[in-house]
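Remarks on the overall topology
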Amino acid sequence: MKERGPIYPVAQSLDQSISTMVISHFTAMLLFAFFVSVVFGILSKDTPRDQLIYGAKTFGAFIGIALLLGWIMYPVPW
Amino acid sequence: MPKKAVEEVVAEKPKVQTGYLVRLLVAAWLIPGCGHFLQGRRWRGLILFASIISMFILGVLMQGEFFTLQSPSLLRRLGFLGEWAVGVAMPTAYFFGYTGGNPYFVSSDYGTAFLVAAGMLNTLTILDAYDIAMGRRN
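A brief structural summary. Given the structure is predicted, the values throughout are model-derived calculations rather than measurements.

Conventions adopted
- Residues numbered from 1 in each chain as written.
- Chains lettered and ligands numbered in written order.
- Predicted model: local features only at pLDDT ≥ 70, side-chain atom pairs only at ≥ 80, totals over all residues.
- Helix = DSSP H or I, 4+ residues; strand = E, 2+ residues; numbered from the N terminus.
- Buried ≥ 20, exposed ≤ 12 C-beta atoms within 10 Å, placed from the backbone.
- Contact = placed C-beta atoms within 7 Å.
- Nonpolar A, V, L, I, M, F, W, Y, C, P; charged D, E, K, R; others polar.

We now examine the overall build of chain A. The helix and strand tally for chain A stands at 3 helices and 0 strands. Listing the helices and strands of chain A from first to last along the sequence gives α-α-α. Taken over 78 residues, chain A has a buried fraction of 14%.

The next subject is the environment of Val88(B). Residues and elements named next belong to chain B. By the element assignment, Val-88 lies in the loop between helix H5 (74-84) and helix H6 (89-95). Between the C-alpha atoms of Val-88 and Leu-30, which are 58 residues apart in sequence, the distance is 4.9 Å. Apart from residues no more than four positions distant in its own chain, Val-88 is found in contact with Leu-30 and Ile-31.

Each partner contributes to the interface: chain A provides 26 residues, whereas chain B provides 31 residues. Listed by contribution, the elements that provide at least two residues to the side of chain A that touches chain B are helix H1 (12-16) and helix H2 (25-44) of chain A. Sorting elements by how many residues they give to the side of chain A that touches chain B places H2(A) first, with 9 residues. Partitioning the side of chain A that touches chain B into residue classes produces 19 nonpolar, 3 polar and 4 charged.

Dropping the structure here:
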């Protein structure tokens, strides 16, 4: 990993405040699914109603399929 | 469809100047959602901007890794292109001292997925802005 500080001194103090975030796999999946679903909904449909419905379906599919695959893989020993 | 009708449909399509199109696509690349915003789809552009930048910020907070072109792995070089697709957010993160995360951090893998996904979503957004400019989409 490269060790390099901020490019400009202006950013030096802000650099100190960069924090980190540790979240569970499930929370990461929820956040990921939410934002991707929002973008898919906006890009795929034209009216706000259709966008909302499509986004909700995509979000549900993300979570549902991930949980299903998780349970299917649960007994797999590797 | 008869030939005459096809010609009429083609004639109805708005003619877009190449210079405008290039500027629009560069703006859409640099700032996620900007391509939609500039074409009057303001709310759509703002929501796209908020979603893609949120994903990028979450990736940075989770210490996602910035890939480099010098990597021997093809996938990591593709990852470099994917991350740069997010636009001006990358140099901004560099400006504030983020040098590519810590690959040994517990959430780093999730963070890297968020960073690459943000770039990929911005690519889709750019293509959508292009379609709108060409009159293929509303």
